[in-house]
Structures are given as C-alpha cells and as structure tokens.
Amino acid sequence: MGATGEVEVALLNQGREDEMEVYGYRWSLWKLSLVAVATVCTGGLFPLVLYWLPAVNIRVTARRCPLRQAQLLLLHTKDEFGNWFRVRVKTLEQELAPVDESVPDVNSVKPAQVSDVGNDEIELLQRSHHQQEQAKYFDHQHVKYLWDPATHNFVRLRGLEEGVPCWVFHQHFGTGITAQTQQYRRVFYGYNEIAVKVPSYPRLLLKEVLNPFYIFQVFSVGVWMFDEYYYYATAIIFMSFISVFSSLYTIRKQYCMLRDMVSAHNVVDVTLLRGGTSGWETVASTELVPGDVINIPPGGVMMPCDAVLLNGTAIVNESMLTGESVPVTKTALPMNADSIPCGVPYSPEEHRRQTLFCGSHVLQTRFYGGEAVCAVVVRTGFSTTKGQLVRSILFPKPIDIQLYRDAVCFLMCLAALASAGMVYTIVLSIMAGEKTEKIVVETLDIVTITVPPALPAALTAGIVYAQRRLKRQGIFSTSPNRINICGQINLVAFDKTGTLTEDGLDLWGVVPIQDKKFLAPVQQISGTGDMVVAMATCHSLTRLGGELSGDPLDLKMFEATGWILEEPTVDDRTKYDSIMPTVVKPPCAGAISTEDTDIDLEMYELTHGFEVGIVQQFPFSSTLQRMSVVTRTLGERHMHVYCKGAPEMLATLCAQDTIPEDFLLILRGYTRKGFRVLGLAHRRLESKVTWHRLRSISRETIESNLEFVGLLVMQNKLKVDTISTLEELQQAGIRPVMITGDNILTAISVARNCGMVAPCSQVIVVDANFPHNGRPASIRWNLSDDTSPLADGDISGECSKTYDLQPYHFAVCGRSYSVLTEHFPDMLPKIAVGGTVFARMSPDQKTHLIEALQNVDYIVGMCGDGANDCGALKRAHGGISLSALEASVASPFTSCYPSITCVATLIREGRAALMTSFCVFKFMALYSIMQFSTVLLLYSIHSNLGDFQFLFIDMFLILSLAFTMSLAEAWKELTLKRPPFSLTSPRLIVSLLLQVVIMVGIQVAAFLWVRAQPWHDAWHPNLDVCGNQSVESNNASNNTRLYSDENNIRTFENTTLFFVSSFQYIFGALAFSKGPPFRQPVRRNCIFLFVLLMLPTIILILLFLHSEFLSHFFEVGRSDEEKDKFWCAIEKLMENVKDEVVVLVCLPLTWRLCILLMVVINFILSYCAENCLCDQSSSASSFIFPISASHNHPQIPAQESIERRGCWSRMVASFGLPQHTCAHYKRLAQELQVDPDWPPINTTTLAQASADSIQITLP
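The rules we used
- Residues numbered from 1 in each chain as written.
- Predicted model: local features only at pLDDT ≥ 70, side-chain atom pairs only at ≥ 80, totals over all residues.
- Heavy atoms only, no water.
- Helix = DSSP H or I, 4+ residues; strand = E, 2+ residues; numbered from the N terminus.
- Buried < 20%, exposed > 50% of the residue type's maximum accessible area, 1.4 Å probe, protein only.
- Contact = heavy atoms within 4.5 Å.
- Areas by Shrake-Rupley, 256 points an atom, 1.4 Å probe, with all protein chains shown as cover.
- Pairing = 2+ DSSP bridges.
- Salt bridge = Lys/Arg side-chain N within 4 Å of Asp/Glu carboxyl O.
- Core = buried A, V, L, I, M, F, W, Y, C linked by side-chain atoms within 4.5 Å.
- Phe/Tyr/Trp six-rings, centres within 6.5 Å; stacked < 30°, edge-to-face > 60°.
- Lys NZ or Arg CZ within 6 Å of the ring centre and 35° of its normal.
- Axes fitted to C-alpha atoms, helices over the stretch in contact; angles between N-to-C directions.
- Parallel < 35°, antiparallel > 145°, perpendicular 65-115°, else oblique.
- Left-handed = near helix turned anticlockwise from the far one by under 90°.
- Nonpolar A, V, L, I, M, F, W, Y, C, P; charged D, E, K, R; others polar.
- Lys, Arg positive; Asp, Glu negative; His and termini not counted.
- Polar contact = N/O pair within 3.5 Å; in protein donor to acceptor, adjacent residues only side chain to side chain.
- Patch = residues over 30% accessible without salt bridge, like charges linked within 9 Å, V, L, I, M, F, W, Y side chains within 5 Å.
- Disulfide = S-S within 2.5 Å.
- pLDDT = per-residue confidence, 0-100.

**Quick word on the overall build of the protein chain**
The helix and strand inventory of the protein chain stands at 40 helices and 42 strands. In the protein chain, which comprises 1259 residues, the proportion classed as buried is 54%. Partitioning the intrachain contacts of the protein chain with sequence separation of at least 6 by distance along the chain shows that 74% fall at a separation of at least 24. Surface accessibility of the protein chain: about 54800 Å² in total, with carbon and sulfur atoms responsible for 57%.

Right, here's the structure in full:
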C-alpha cells in the first residue's frame, strides 16, 4: 500500500481454505493492439495460448493498477495447486434503495459486547450507501465479493453467519425487516436460489474443442489431409466426432441431473414476518434475504435457506446433507446475553443444533404458548450449506495425480525427440533436393507420429472400466480420477460405530449407585428412581408416524425401561394456547388428558399417575460429550436435570462425594471388554426456577453440581466382515487406524478384538494435559493395562499368526490430541507414525488427523458411516462412505452395502486401474518411438509408410490392443507388493528403454539386412523376385500405369519394416500387459486374448498366403499375374476411385522366413528383458498363468524375499546399493527404530516455550 492507500495486490479469504491473492488490472490499448497483430500472424493460435493461460492472458492485454481502479482482476489460489483465474469487476448501476433506519445496525448495539460485528456484511452495505459510492463487485464460482472502501480490498459477501452475537438475533432480528430493507439487500444478495445453469451444446462444444488435445488433433488431421492420408484422417475425425459428442452428452446429462436434484425443492412458499406493521405474509422462498424472519410450519417444510431457530424445537432429517438418516432435534438459540461473556458470536458449525440448514427436511415442530416457531435467515443461495455442496460439485478441487504430471513430462520428452527427428528430416530432405512443400509436410508428420493423438483416450480407458466394475459391486464414484490414487493407499482410517461394529447397540445392563458404591449390574430395571427416569427422559426421541424415531442408542435405552412416550396431539385451534411438553410415563400410568387447555403457563400439570414432562432439552454435543434435559414430574413444583454422556466428562460435573472411589477401576473393567459405557447424572433444581426463568439460565449452570447415579453399559458387536477385511489389508501392508468418538479403553478393546492391534503388541496411552497452575503442558506415556481378549490362549502362538508386526501402538484421546497439536507439534509426526487408536475425536480433529497423516506422506483412505465424518472423508485421498443415500456428496466414493469389504475392493480396483494406466502409457510410448524409428529409416531412402499401412497400424493394431488390454479385471486378493507410483520409476523407465533398444535394434537390423540381399533392387512392376513367370508385354504398360509410385512406397524396406513393426506392436502389448498381483492374467481377459490371437494370424496370412483382395486392400503387391473376374471388377472400381494404388512388394519365401526368425528373436529378447527386470510375480511367466500371492506374506524373511525377486532387486541387494526411502513416514520410522529412548513408557514429557521438549523419567 502506497502513501495514498492505493493497493494493487491483496489477500481474499485470509486464513481460510480458499485463500487467494488478487491483483488489479486495467485494459491497455497498445497491448490489445499487439495481441491483435500476434493473432493474425499466428493464424489464431496466439489467442488459444492466452485462453489456456489466464495469468499470461491478463498480463499481455492489461496493465497493473490499484484495486480501486481495476477493471479486471487476476486471482491466484494459495493452495498447493496455485490456480489462476481472470474475472471482471462489475458495478451495480441501478440506484440503491435507502436503508430503513428503523432496522438497527448490529454494529451500534452494545458495542462493548460486539467485538467483530464491524466486519459484518450488513454494516458494509450500510457503509457503502452512506458514503454514496457505487457498489463494485465481482463473482467467482458463485461467490460475490464487494469492494470495501475502508479496507481497500474486496470482501466476501456474507450473511449473518459470522460476527453476530447470539442474543442479537432475539433482540434485534426477531421482529423481521421491512419490504424496503429487503429490496435493498436483494440488490446485493440476489434471489435466494441455487440456480444450476445447464450450458448449451454449442457452448460445451466450444469449450471441449478448445482443449489442447483436440487442437493437436485438428493440427494432425490438417497435416494428414495435406499429405493425402485421407483414410486415416477421416477415421480420426470420425473417432473424434464420436468422442466429443459422447463427452458433451455425458457432461450435459450430469448438469441436468444436478439441476433437477437442486431445483426439486428450490422454490417453496414461506410465511414471512414483515417488519413494521405488515405482520405475516406468504411469499416465495426466492424473495428471502439474510435477516428475514420465517415461520416454520407444524407439518414441516423443506428448508430453502440456512436459518437459526429463535424459539420452539424442530425435528429435522438432514440425510441429504450428512448421509445420516436418523432425525435430529433442533432447539432454540440461547437468548440471554448476560449468561455468555461478551456475547458468544453465532457460528453455524458451533450452533448446528440450533441451525436449520438448507436442503434439510423439517419433519415437525413443537411450539409453546402463543408463539410460532420462528427462524432468522442467515444465509441464502450458494452461500448456504446446500449451496456450498453444489459449488463443490460444479467446481471440484483439482487432484494432484502424479501419473498425469509424469505423463506431461514424458510427452515433453517425446516432443524433444520429435524435434530431433524434424531436424534430421529437414537436413535429409534438403540434401536430396526435395520440394519445400514436401519438406514441411514430412517434418510436421514427424510430430504427429511421435506424440500420438490417441494417448489421453487410451489412458482414461482403465479408469472408465474400473468405474464400471466398482458400480457393479455397489460402489459409486463421483470422482473417477481418484480411482488411480486409491491404488496407492497405504493407510486406512476407520470410524468405529457403524463401520467396524454394528450400528445397533444392545443394552447389556445398568450399574446403579447406592451409598457411593456401585451395585451389581442388572439386566432389567424398573421403578421410578433417578436411574430409571434418567433413562426414560434423557434422549432426543420423537414420534413420527406413530413410531419412535431417533438415535439407535436412545431407542435401546428407552425401550429397556418399558415406559411410554407421548407427545401433544391437540388440534390446530389450540396449539398456541398452552405448554405441551413431551411426556413419559411407566406403562401402568393413566392416559394424558389434554382436553382442558385453559391452564396457567407455569402450573400446567398432568392429572393421572406418575408422569414426567420434558420441558427443555440440551442436545448432544460432540464437543461437550453429553446431553441433558430438564423435566418436571406430575405433582411436583421442583424441576429436575438429567444428564447423559461420557462417564469421564460427567465425573467432572458431579459433586465428588457422589462418585464411587472405584469409579475408574469399574469403568476400565467394562471398557476393556469392548462395552460402550455411558454415565447418568441427576440434579434437583430449586423451586424458584420456573419455565420462563429456565430459558435465561445457561447450559453450563444447569449442568453443574450433579449427582452421579450410575453407568449404562451397551454392547456393540463387530461386523461379520471386519476381522477378515482388516486381516486382508494388513497382509497387503496397508496400515489400519481407528478414529472414533467413543471411550479410549473401549476403542482399544475393539482394536484388539478385530485384529487391528495384535495380542502381543503393547498399547501406550498418550495422556496429555494443558498448562495448569504454572505447570507447562505435559505428556504422560502410560502402558495400557488392558487384558488380552484371548482367554486361556497361547498369545505367542496367536502372534505368529497375526499380520500386525508393529511392536507398539499409541492410543490418543481427543483432549490429548489437542494438547499435542498446540504444545507438541514436533511430536505429532511420531504419533502419526505409531498411533493406531484415536478416541473421543471431534469432527474437526478427525479432519486434522487425516491432514497430519498426509503430511508424513501417507496415502490415506477413510471409511465412515457418513455422520460426523464428512470433513475427514473429503480430506482423505480416497474417502468411502457406507451410507447408501445417493444424496450424500461428502465422499468421493459411496458404498451401497454397509460393509468395510468395499475398502479392499476399492484398493484392488485402484491398483488394477493404476497398473493399467502404466501399462497403456508404456505401450503407447513404445508405439510412438517404434513408428518414429520406422518412418526415419524409410525417410533415409526417401520412402514412407502408405496411407492404408498407417491406418492398419494405428487403428486396427494399436487402438484394438490399447483398449482391450485395459479390460483386465483386478486380481482377486491384495498383496504386499504395490504398483509403481510414478512413471519416472527406474523399473518403468528401464523396462521401456530396454524394449525400445531391442525393437529399434531389430528394425535397424532388418533394414540393413534386406538392403544386403542379392535380389534387392529398386522395385518396379516387372521385377520378379518371387519366382513368378514374366508378365505379358501388353500388360506391362497397364501395370506401369497402375503402380506408378510418386512417394516411393513400393520398396522392399517398406514391406519388411511393415511386417516386423506390426509384430513388434503385438509383442509390446503382451510384454506390458501385467497380470498378478494387480490384474487378472491375460487368459482371463478374453477379448484381449482374442485380439492377441487374431492380429498375428492376419499378419501371417498377409506374409505367407498372400490373398489377392487383402493384398490390394492393405497395399500388398501381387506375385501371381492371374486375376479372377471378381478381382478385375474390384480393381477397375479402385482405378475409378484413385488413379494409383500404392502396394507392398512381393518378398521371396526365404526372406519371409528370415522376417519370421527376426520376429521370434524379438519375442525372446522382450520376454527375457521383462522377466529379468520385473519381479517374478509380474514377469512374463505370469502373463498367462496366475500365481499365488503367498510369497508376499510379511513374515517371509528378508533374504528369502530378495531371492524371490527378479534380477533387478537381486542386483541391488547383492551390491549393497542403498535403497532410498522417499516417504517421510518411512524415514521417520527408520529413525525411531534405532532410537533407544523410543517409545517412551511410564515417562513424562514436558513442553518448554524456548527449547525443545524434555523427557523426565518418573519413579
């Protein structure tokens, strides 16, 4: 920023995931003139380059300027991708309506308590109006950014989701806004709709054909047409036409599906509270703006916006957004500013239980007294939660796939090779005195040969086939490009409940407390004591369609009491006249009477039996790890508080004299056995606490000084496929990790039971504490005293069978993880390498852990049930949700079967797709180099391949081989061996180079050998090297006319290289078609096997049988001068179509046998090269016959494993060459393995502010 405050570059969304740099530009007249000249000089190619490079585009057409004066903006994302975007600055030209002064400015209300409201967008709109400035803005990916003259920067237009204290919604937004204010805000926010515009076919076509791939194809077709390769060019045009329009159809179909999904509930009628004296009115949901107050009808509604609930409660189904089909209860936002220090600002994430999200379905509402259930609109349009999900689909974050980056680098190498070939061709042609026109065509033809236009399509074939196979197995993918990444996954994080274990919980028993002592556990419980009432009331159940609905744990707990839950059922005329709480009662209690509704608001009581009304509910919070309810029992003036949650958390809220001395011992006893344990607590409130006063008391005050009443023990069984799937992953060297919100001891027990932690492995519990009373943050490394689940079993014998060879595992709880990230960041990578159990983790901590694992170079997979795992599923390289709901867009992969076997299936298919991509790329690269070699050899004698020869090789051979070799399915099991991660892998490079050397050597040998033959001469129609009789003189002139050859195609070198190279392409496809341990053997790929048998047969027929029709069609010359009538007719027709038919010459039988001999030698050398270079499991011997993967067993000694490998690995091992470990986690594991002080056991690590952490051994 200069002295005048002018800013040319600034940051947008600072500190957020979508942080960007913004640069200001204005059009430059002289630069535009130069661009116009360059466009004319390059024939329109220069604008294409500018289209592909937006950063270059704006720099060569505009000049830098302050942001305030900018007409154009250049955006640069700050993530690892560093993408560039060019946008235009727009101005709201229409006259802005004045702001209604009756609507309070949130920045002026209690400024002492509203610290951040000054950044609110409502204030920005008012400031822009009061300063009488035109509102400048720009749109980027459906997000609007307004110019803020105070900060000299563009600010993201937000609603009320940030910086507004909770109490402000009640006191200043609860009365609605006027029509004038609503119209003014709509100028900025626009209409409340998520409009997915379906682009037209011409627009899609223009965008598709401007792809560099299609531009190169247009260039190639132009070269071929100019060189009279009409047949091949026509075939490429036909294929491109089909490819383009099939792609356009698929893209437009996806747009239409997304538009239909979004627009199904995009517009609904809502009842709006109009500010002033207008009262309630019905409007379309598209009219809503932030600040509007809407009525949530009793019968429910599909939410058209994000809104915060002001009063009442609502039962909401959020399955469309989270994948969780269990209805959740939404409660009103707290309204007392005095109970919250300085006013806690509202946040949709922190107040999820008070927010109704767009796209969620409100099933029903509950309301009290004369109040309607109201909500304040906080976000509209694409700013809503649903809008953000749609934006993530429309503008997905790019995936950094190393395969594609390596492919681009390799293509650059091929382009360099083409440049050398172009120089060679130019020099050779000039020395031969060729025409300039022919030199240019032949030179450009080298480029189209070296860089194959069909390469991108061939590379995606394996992914498309893998996606289809996954769909057949019940796994749907919204991001097919991630299938290849899944082939490299080496760590999978699992949620516990609903993923590793069954969804449904069974009540094992309850452990009540009497006289500060735990009683014996009981399976059935009855009566009306605090324990029973807590189980009957402390839940979020509701009745939908006459059936209880809610969390499965709450259902099991409530059903165990045998009580009855009843909700108010009065008619619509009396719903607003009395408080009608949810009532629970024992089965022997009388019926509820709701006929008399003329009852005092505070003295409403039920008239029969023991009945308890739930008057207020504090929903479960994963951060607080508890929920609570406030109840009133019939006939009592006192209210009661019942709390349910994590026992450790409740113990901190209870009076210490109510907690048994053996609390931790008993709790550990149950959690070690794999039970899920919940604590129950109770408190009796003072009689002066009335219903109205209750609403003004904070949750923290109510949930204090509780009395611990007992433990609720739930049993959670492992799923049937859990143990076998984890064993398969461990056998393949894929590390499993558990991330759960459950108790840490329960998680450790489940980890042992499922085989994630071996019976002989130690579990070290990481117990970290925040700084307290002057003491620094600390970590206590405690050896877990959990018992082995093997009863009377031989632990050593079981350890010999396990695939988990890790000697120790760290177990970390959510609180300790927070301490590690804040005070021990250097310790986090070590925990990531050795940690297996992460318990009591919040959703944000799950996401952070996935990032921590990725930071040490793990390729992370994540498997969850779709609830509370959305962030982790999105962040992982391969996230797969077990939710069967198609509307869930939280994960790139979704399994319609709730079994973790889909993880192994996804990795198998990913490995197969990745290996297929490598094989196809190597084959296409080999094909390009081989054809490049063939053409250069023929150029040396001023010859070339014929049109039909190119067509036969490129279409009939190459494409059929490339697309059918990709059909190989995944191998039936995962093995320890992993596919290469990069095209620059030494194995892949050396493999390709060896094949190139062998095949180019064979071609050069064949070329030189044929020229050394005694019968070799310049071919002419009367030349008889095959031993045929002389032709009649009257046919000689006809043959000379028929076989005139300006391009010198009819040569013995041409025919020889055509046959040799045709066989070489087949051998290359066979050599690179790897089978086990990643793909099925070739014999299982029936179509590819058929092609492998058919193509050599056809070539052998051309070589030996010499069919007349096939010979002419494929440009093979005739040795027999006799023509039948059919061929004469065909030949006459061909003369009419074309004056000249270019043919291959007839070869002597001995030379044909020599060609066959060279082909056999080529096959043997290619076989030996691949067999020597690659492991035995992927050598040529496994191309046809499958092998067992038992050699990949992790317990095989290192020396034996080396002996089983190929020559490459044996050479590296025998010479003692260092094998560099690139992955950070591998290097770190090697360092820790030789560290005598690691892992720490029964020690304490203290954090220091100025130095590294120190470790102190405690007695």
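**Some points on the pairing of strand β32 (residues 707-715)**
Where burial is concerned, most of β32 is hidden: 7 out of the 9 residues are buried. Bridge analysis of strand β22 (residues 506-514) against β32 gives 6 bridges, and the strand direction is antiparallel. When the sheet's bridge partners are listed, V511 is paired in β32 with L711. Bridging between strand β31 (residues 675-684) and β32 involves 8 bridges; their strand directions are antiparallel. For L680, the partnering residue across the bridge sits in β32 and is G710.

**Quick word on the pattern of salt bridges**
A complete count under the given rule lists 18 salt bridges for this structure. For E566, the salt bridge is made with K585, and the minimal N-O distance between the two is 3.4 Å. Residue E566 is found in strand β26 (residues 564-566), and its partner K585 is found in strand β27 (residues 582-585); the two are separated by 19 residues along the sequence. Residues E703 and R699 are paired through a salt bridge, measuring 2.9 Å at the closest nitrogen-oxygen approach. An identical accessibility class is assigned to E703 and R699; each is buried. One continuous salt-bridge network, built from bridges that share partners, spans R626, R699 and E703.

**With respect to the nonpolar core**
Core analysis: the largest hydrophobic core is formed by 89 residues, its most contacted members being F923, M924, I953, L957, L961, W1151 and I1155. If one sorts the elements of this core by residue count, helix α29 (residues 901-939) sits on top with 19 residues. Among all residues touching L957, those that are not within four sequence positions of it are F952, S1062, Y1065, I1066, L1095 and I1099. I463, L726, C813 and L974 belong to the second largest nonpolar core, which has 44 residues in total.

**Concerning the pairing of strand β33 (residues 735-739)**
Burial analysis of β33 places 5 of its 5 residues in the buried class, which makes it a mostly covered element. With burial as the criterion, each face of β33 is covered, one bearing R735, V737 and I739 and the other bearing P736 and M738. Of the pairings in the sheet, the one linking strand β21 (residues 491-494) to β33 comprises 4 bridges and is parallel in character. Along β33, the bridge assignment pairs A493 with V737. Across 2 bridges, β33 lies against strand β37 (residues 835-839) in parallel orientation. Paired with I739 across the bridge in β37 is F838.

**Here's the deal with the packing of aromatic side chains**
Taken as a whole, this structure holds 27 aromatic pairs when the rule is applied. Judged by centre distance (4.8 Å) and plane angle (10°), the rings of F138 and Y145 are stacked. When sorted by exposure, F138 lands in the same class as Y145, which is buried. Centre to centre, the rings of F952 and F1058 are 5.8 Å apart; their planes meet at 50°, and the pair counts as tilted. You can see F952 sitting in helix α30 (residues 947-965) and its partner F1058 sitting in helix α33 (residues 1052-1072), a full 106 residues away along the chain. Here F952 and F1058 have matching classes, each one buried. An aromatic cluster is present here, built from F138, Y145, W147 and F154 joined pairwise through their rings. One cation-aromatic arrangement involves K144 over Y137; the distance from NZ or CZ to the ring centre is 4.8 Å. Geometry around Y201 places R252 over its ring, the cationic atom sitting 4.8 Å from the centre.

**Here's the deal with the packing of helix α31 (residues 986-1011) against α33**
When two helices pack together, their arrangement is captured by the angle between the axes and the distance separating the axes. Where α31 contacts α33, the two axes come as close as 10 Å, and the packing angle between them is 160°. If you check the angle between α31 and α33, you find them roughly antiparallel. Seen along the crossing, α31 lies across α33 with a hand that is right-handed. Contacts from S991, L992, Q995, M999, I1002, Q1003, A1006, F1007, V1010 and R1011 in α31 reach F1052, E1053, T1056, L1057, V1060, S1061, Q1064, F1067, G1068, A1071 and F1072 in α33. Looking at the contact of α31 with α33 residue by residue, the class counts come to 12 nonpolar, 7 polar and 2 charged.

**A closer look at the side chain of E161**
Mapped onto the secondary structure, E161 falls in the loop between β9 (153-156) and α5 (166-172). In this structure, E161 is buried with no salt-bridge partner, the nearest side chain bearing the opposite charge being R158 at 4.8 Å. Looking at E161, its side chain comes within polar contact range of the main-chain nitrogen of G159, at 2.9 Å. If we ignore the near neighbours within four places in the chain, the residues touching E161 are Y346, S347, P348, V378 and R379.

**A few points about unusual backbone geometry**
Omega for the bond connecting P1076 with P1077 falls within 30 degrees of zero, at 15°, which places this linkage in the cis form. Mapping P1077 onto the fold places it in the loop between α33 and α34 (1086-1105). In this chain, W1238 is followed by P1239 through a cis amide linkage whose omega measures 5°. On the secondary structure map, P1239 appears in the loop between α40 (1224-1233) and β41 (1243-1246). Unlike most non-glycine residues, D515 shows phi in positive territory, near 55°. Assignment of secondary structure puts D515 in the loop between β22 and β23 (517-518).

**Considering a nonpolar patch on the surface**
On the surface, L205, L206, V209, F238, M239, F241, I242 and F245 cluster together into a nonpolar patch covering about 710 Å² of accessible area. Per-element tally for the nonpolar patch: the top contributor is helix α9 (residues 230-263), with 5 residues. Along the chain, F238 turns up in helix α9.

**A few points about the sheet that holds strand β28 (residues 612-621)**
The strand order across the open sheet formed by 9 strands is β23-β22-β32-β31-β30-β29-β28-β27-β26, and the pairing between neighbours is antiparallel. Looking at the sheet topology across the chains shown, the edges are occupied by β23 and β26.

**Regarding the sheet that holds strand β6 (residues 90-91)**
Across the sheet, which stays open at both edges, the 4 strands sit in the order β6-β7-β8-β9 with antiparallel pairing between neighbours. Unpaired on one side and paired on the other, β6 and β9 mark the two borders of the sheet. Note: β6 against strand β7 (residues 136-140), 2 bridges, orientation antiparallel. Within β7, the position partnered with T91 by the bridge is K136.

**Regarding the state of the cysteines**
As enumerated under the stated definition, the model contains 0 disulfides in all. Cysteine C358 remains unbridged, with the sulfur of C305 as its closest cysteine sulfur at 6.8 Å.

**Thoughts on the side chain of T499**
Following the sequence through the fold, T499 ends up in the loop between β21 and β22. Residue T499 is classed as buried on the basis of its relative accessible area, which comes to 0%.

**Side note on the confidence of the model for the protein chain**
Of all residues in the protein chain, 77% attain a pLDDT of 70 or more, and the chain-wide mean is 77. Here residues 1029-1043 scores under 50 on pLDDT; set against residues more than four positions off or in separate chains, the count is 25 contacts. Every residue in residues 1130-1142 is under pLDDT 50, and counting partners more than four places away or in other chains gives 26 contacts.

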